[in-house]
Amino acid sequence: MAINQAAYQELTSFCNTHNTTLVAVSKTKPVEDIKALYEMGQRDFGENYVQELIDKHPQLPSDIRWHFIGHLQSNKVKYIAPFVHLIHGVDSFKLLKEIDKQAAKNNRVIEVLLQMHIAQEETKFGLDDREVDEILNGEELSALKNVRIVGIMSMASFVDDEQQIRKEFLAAKKTFDHYAHHQVANVFMQYLSLGMSADYTIAVECGSNMIRVGSKLFGARS
Ligand SMILES: *Cc1c(COP(=O)(O)O)cnc(C)c1O
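Counting of residues starts from 1 at the beginning of each chain's written sequence and follows it residue by residue. Only residues with pLDDT of 70 or above have their local features reported here, since the model is predicted, and side-chain atom pairs are shown and tallied only from 80 upward, although totals for entire chains, interfaces and linings are computed over all residues. Neither water nor hydrogens contribute to the side-chain values; these are computed over all heavy atoms in the structure.

Asker: Sorry, what's going on with the UniProt feature "modified residue: N6-(pyridoxal phosphate)lysine" (unreviewed entry) in the chain here?
Answerer: UniProt positions are given in the numbering used here, feature names are shortened, and annotations may be inferred rather than shown by experiment. The sites that carry the UniProt feature "modified residue: N6-(pyridoxal phosphate)lysine" (unreviewed entry) are, in the present numbering, Lys-27. Numbering goes from the N terminus for both helices and strands, where a helix is a DSSP run of H or I of at least four residues and a strand is a run of E of at least two. Here Lys-27 is to be found in the loop between strand S1 (21-25) and helix H2 (31-39).

Below, the structure written as structure tokens:
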């Protein structure tokens, strides 16, 4: 399976115009495809599965910025803590604490996004506004010196209804803006990670500045 070079060029020019970071989602795709996109200049790649990421990581150039975008279990944080660039899917304080602990062991600060649940579907992971508030205003947060919360990540409902998708993205944007000047040392709202192959243009219209695109670049996953 070859990468879609025309789609990559279209996406990079779109992202340049809109000051948006493109995360190329390479889950289930071979290292050859990642290398091909790397050769074209791409450096941010997203993976969903810990085992797959730790298999691919040593086979690829060390200046790739690896984004972990899947659901992360606390007991697996240690495997990616030495090298991960940004963890998108933080959906509990427990997970945040474990990331802090593993980051400290590796003498680094790991940047993370809080994952919010905005979709209608029950199955998607994420925090609601009250839970985001509990984390960001929690007394324990400032003790975590080795994590930095740098934004919000969300997935919209898997529907064709553009108004519905827009409504959901705007809810995430509202929370993002609400904490823009939050006075906690390890919180610095910078990234709003919304939008995938099917809905990234809507996401950017709604204020997203980081999009996660897989199938449009690498073809459908089997
Ligand atoms: C797979 C995945 C994507 C990419 O989806 P495409 O529709 O292939 O662009 C983006 N975000 C998350 C969280 C994913 O799991």
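Asker: Can you help me understand helix H1 (residues 5-17) in this one?
Answerer: Quick reminder: α-helices carry 3.6 residues per turn. Residues three or four places apart thus point the same way. Taking 1.5 Å as the rise per residue, H1 with 13 residues should run 18 Å; its terminal C-alpha atoms sit 18 Å apart, in good agreement. Only protein chains enter the calculation, and the probe is 1.4 Å; a residue is then buried if its accessible area is under 20% of its type maximum, exposed if over 50%, and partly exposed in between. When we look at burial in H1, the residues that qualify are Ala-7, Tyr-8, Leu-11, Phe-14 and Cys-15. Each buried residue of H1 lies within a common arc of 130° when the element is viewed along its axis, so the set occupies one face. Exposed and facing more than 90 degrees away from the buried side of H1 are Ala-6, Asn-16 and Thr-17. Helix span is expected to be 1.5 Å times the residue number reduced by one. The arc in question is the one spanned by the directions pointing from the helix axis to the C-beta atoms.

Asker: Sorry if this is basic, but what is going on with the site of the ligand here?
Answerer: Taken together, 13 residues surround the ligand, and among them Lys-27, Asn-48, Ser-197, Gly-214 and Ser-215 come closest. Here Arg-212 contributes a side-chain N or O atom positioned 2.9 Å from a nitrogen atom of the ligand. Summarising the interface, the protein chains cover 91% of the accessible area of the ligand, which totals 390 Å² for the free molecule. Of all the secondary structure elements, the ones that give two or more residues to the shell around the ligand are strand S6 (147-155) and strand S8 (210-213). Here the shell around the ligand is built from residues that sort into six nonpolar, four polar and three charged. The nearness test applies per residue and asks whether one of its heavy atoms lies within 4 Å of the molecule or strand. Polar contact criterion, stated in full: a pair of N or O atoms within 3.5 Å, where within protein one must be able to donate a hydrogen and the other to accept it, and residues adjacent in sequence count only if both atoms are side-chain atoms. Surface accessibility in these figures is a Shrake-Rupley result with a 1.4 Å probe; residues are shielded only by whichever protein chains are displayed. All residues other than Ala, Val, Leu, Ile, Met, Phe, Trp, Tyr, Cys, Pro, Asp, Glu, Lys and Arg, Gly among them, are scored as polar; the first ten of these are nonpolar and the last four charged.

Asker: Help me out: how do you make sense of the nonpolar core in this one?
Answerer: One recurring pattern in soluble globular proteins: nonpolar side chains tend to sit buried together. In this text, buried Ala, Val, Leu, Ile, Met, Phe, Trp, Tyr and Cys residues form a nonpolar core when linked through side-chain atoms within 4.5 Å. Counting 65 residues, the largest nonpolar core has Ile-87, Leu-96 and Ile-149 as its most contacted members. When residues in this core are grouped by element, the largest group, five residues, is from helix H5 (residues 93-105). In what follows, a contact means two residues having at least one pair of non-hydrogen atoms within 4.5 Å. For Ile-149, the residues in contact, after removing those within four places along its chain, are Leu-96, Val-112, Leu-114, Ile-135, Leu-136, Leu-141, Asn-186, Val-187, Phe-188 and Met-189. Listed in part, the six residues of the second largest apolar core include Val-23, Val-150, Met-153 and Met-210.

Asker: Hey, could you run me through the pairing of strand S4 (residues 86-90) in this one?
Answerer: Side-chain positions along a regular strand alternate between the two faces of the sheet. Where burial is concerned, most of S4 is hidden: five out of the five residues are buried. In this structure, strand S3 (residues 65-68) lies alongside S4, joined through two bridges in parallel fashion. In the sheet register, Phe-68 faces S4, and the bridge partner there is Ile-87. Here, any two strands with at least 2 DSSP bridges between them count as paired. Summarising the sheet, S4 and strand S5 (residues 110-117) pair through three bridges and their orientation is parallel. The residue bridging Leu-86 from the neighbouring strand is Glu-111, located in S5. Look down the strands so they point away from you; if the path from the first strand over the helix to the second goes clockwise, the crossover is right-handed. With H5 bridging S4 and its parallel neighbour S5, the resulting β-α-β unit is right-handed.

Asker: Any chance you could explain the environment of Val-187 here in plain terms?
Answerer: With respect to the element layout, Val-187 can be found in strand S7 (residues 187-193). Relative accessible area serves as the criterion here: at 7%, Val-187 is assigned to the buried category. On a C-alpha basis, the gap between Val-187 and Leu-72 in space is 20 Å, while along the polypeptide they are 115 residues apart. If near-sequence neighbours (up to four positions away) are discounted, Val-187 is found in contact with Leu-136, Leu-141, Ile-149 and His-182.

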